[in-house]
Amino acid sequence: MTRKAKISFLILVWSIVAIQIFINYQQSSKNEEKAVTAFSVVENNVIEEMIAGYGYFGKMELSDETKKQMLRNLADKLGIEHSYEIQSSAGKDYAKQELAYRKGTTDIVLQIVSMEGTSEKKDVEEASRKEAEQYILMNIHTKDSVEQGKAYYDMVKRIYEEIGVRGTVNLEIMMEEKGNLLTASEKETDAILEVLQADKVDEIHENGIYAVYAYRKEEDSYLMHEGEKTNVQLVMSYDEGHDKTYVKVGIPMVNSSY
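Structure report, in brief. (Residues numbered from 1 in each chain as written. Predicted model: local features only at pLDDT ≥ 70, side-chain atom pairs only at ≥ 80, totals over all residues. Heavy atoms only, no water.)

### Points about the overall build of the chain
Rules: Helix numbering and strand numbering both begin at the N terminus, where a helix is a DSSP run of H or I of at least 4 residues and a strand a DSSP run of E of at least 2. Each residue is assigned to one of three classes by its accessible area relative to the maximum for its type, calculated with a 1.4 Å probe on protein chains only: buried under 20%, partly exposed between the two thresholds, exposed over 50%. Whether two residues touch is decided by their heavy atoms; if any such pair falls within 4.5 Å, the residues are in contact. Values of accessible area rely on a 1.4 Å probe in the Shrake-Rupley scheme; residue burial ignores everything except the protein chains shown.
For the chain, the count of helices and strands is five helices and twelve strands. Relative to its full complement of 258 residues, the chain shows a buried share of 40%. Considering only contacts in the chain between residues 6 or more positions apart, those separated by 24 or more positions represent 60%. Summing over all exposed atoms, the chain offers an accessible surface of approximately 14,400 Å²; the carbon and sulfur share of this is 49%.

Written out as structure tokens, the structure reads:
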């Protein structure tokens, strides 16, 4: 197959995948509707939501136009309107095509990053040739509802799965609630874990912070905590000065300070 044919085939595959993602998402949305509604344990007082996806697409040559088309397809599947910008940038040993979109409290950045590496072949002509490794990155920041953050997380995971990329996706949600929820910490956290279909592994009360480690069977990745698999972390802390409880939920863990 010629290089031109390979690129045409790649674009065709992405178009087919895009249709399939939409069909699968519509079907799964119906099944998840009940769980998504129940996820509003702390009344959707969301301060910030962060969804970060990272996946290795493969070692191949892609033209700038092909990368832009891939970004447009990703944008379509995330429900992004056409009011976005695509920019190119490059540095030492890398090139990047980036799609940036902003609407209201939501910022979405999609990237196709090409990392260059020198071939290991001994032939002088072959050694001078650069081989590019392609990576797909998706980052979403929003202050929307918990439901929307969870929907973005599921969507990003689904996109990586549909295109055959083993992607790493992280979700972090920060919420606040008036009053001291630490007095009913187990009840509050158990409700969230029930919706996430996660089993509690461990809990820690220390210095005014309540932390829970749990495990979701639906997640492929996990970390080890005290010899047990975990991929959900929930942290609750109370600010007496403002009389507010802050809750952070992370899959597989909370990355920001608390």
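### Quick word on helix α5 (residues 185-196)
Residues lying three or four places apart along an α-helix face the same way, a consequence of the helix completing one turn every 3.6 residues. For the record, the criterion: How far a helix is expected to stretch is found by multiplying one less than its residue total by 1.5 Å. This arc corresponds to the set of directions leading from the helix axis out to the C-beta atoms.
The first and last C-alpha atoms of α5 sit 17 Å apart over twelve residues, in line with the 16 Å expected at 1.5 Å per residue. Taken together, the buried positions of α5 are S185, E188, T189, I192, L193, V195 and L196. Considered in projection along α5, the buried side chains sweep an arc of 160° and stay on one side of the axis. Of the exposed residues in α5, those oriented more than 90 degrees away from the buried face are K187 and E194. In the stretch just after α5, Q197 is the one whose phi turns positive, near 55°.

### What about unusual backbone geometry?
Among all residues save glycine, negative phi is the norm, and among peptide bonds the norm is trans. Cis geometry marks the peptide bond from I251 to P252; its omega dihedral reads 5°. You can see P252 is positioned in the segment after β12 (244-251). The phi torsion at D93 lies on the positive side, around 70°, for a residue other than glycine. Relative to the elements of secondary structure, D93 occurs in the loop between β2 (85-91) and β3 (94-103).

### Re the nonpolar core
Our working definition: Here, nonpolar core means buried Ala, Val, Leu, Ile, Met, Phe, Trp, Tyr and Cys residues that are tied together by side-chain atoms lying within 4.5 Å of each other.
Core analysis: the biggest nonpolar cluster contains 46 residues, and L78 and L110 have the highest contact counts within it. Of all the elements, helix α4 (residues 146-162) adds the most residues to this core, at seven residues. Not counting chain neighbours up to four residues away, the residues in contact with L110 comprise L71, L74, A75, L78, I80, Q97, E98, L99, L137 and M138.

### Topic: the pairing of strand β7 (residues 198-206)
On a regular strand, one side chain projects to one face of the sheet and the next to the other, so that they alternate. We apply this condition: Whether two strands pair depends on DSSP finding at least two bridges between them.
Pairing geometry for β7 and strand β8 (residues 209-216), over eight bridges, is antiparallel. Bridge pairing in β8 links H205 to Y210. Connecting the antiparallel pair β7 and β8 is a turn made up of two residues, with N207 showing a positive phi of about 50°.

### As for the packing of aromatic side chains
Selection rule: Any two rings among Phe, Tyr and Trp, with Trp reduced to its six-membered ring, count as a pair given centres within 6.5 Å; such a pair is stacked if its planes are under 30 degrees apart, edge-to-face if over 60, and tilted if neither. Remark: a charge is flagged as sitting over a ring if the NZ atom of Lys or the CZ atom of Arg is within 6 Å of the ring centre and within 35 degrees of the ring normal.
Enumeration according to the criterion identifies two aromatic pairs in this entry. Ring centres of Y54 and Y135 lie 5.7 Å apart, and the angle between their planes is 25°; on these two criteria the pair is classed as stacked. With Y54 in strand β1 (residues 46-59) and Y135 in strand β5 (residues 130-142), the pair connects residues that are 81 residues apart, well separated along the chain. On the basis of relative accessibility, which here comes to 43%, the residue Y54 falls in the partly exposed class. Between Y56 and Y135, the aromatic rings sit 5.2 Å apart at their centres with planes inclined by 50°, giving tilted as the arrangement. One end of the pair, Y56, is in strand β1; the other, Y135, is in strand β5, with 79 residues separating them in the sequence. Classification of Y56 as partly exposed rests on a relative accessible area of 37%. Feature note: the residues Y54, Y56 and Y135 constitute an aromatic cluster, connected by ring pairs. The residue whose ring lies beneath K229 is Y222, and the NZ or CZ to ring-centre distance is 4.7 Å.

### Some remarks on α4
Compared with an ideal rise of 1.5 Å per residue, which puts 17 residues at 24 Å, α4 spans 24 Å between its outermost C-alpha atoms and is within 8% of the ideal. The first or second residue beyond α4 is G164, which carries a positive phi of 75°.

### Focus on the environment of K178
The topology assignment puts K178 in strand β6 (residues 167-178). Considering only alpha carbons, one finds K178 and D243, 65 residues apart in sequence, at a separation of 6.2 Å. Those residues in contact with K178, other than ones at most four positions away along the chain, are H242 and D243.

### A look at the pattern of salt bridges
Applied cut-off: Counted as salt bridges are all cases of a side-chain nitrogen of Lys or Arg within 4 Å of a carboxyl oxygen of Asp or Glu.
Counted according to the given criterion, the structure contains eight salt bridges. For R72, the salt bridge goes to E65, with nearest N and O atoms at 3.3 Å. Taking relative accessible area as the criterion, R72 reaches 27% and is therefore assigned partly exposed. Note on E65: relative accessible area 46%, which makes it partly exposed. A network of salt bridges, in which partner residues are shared, links K157, R216 and E219.

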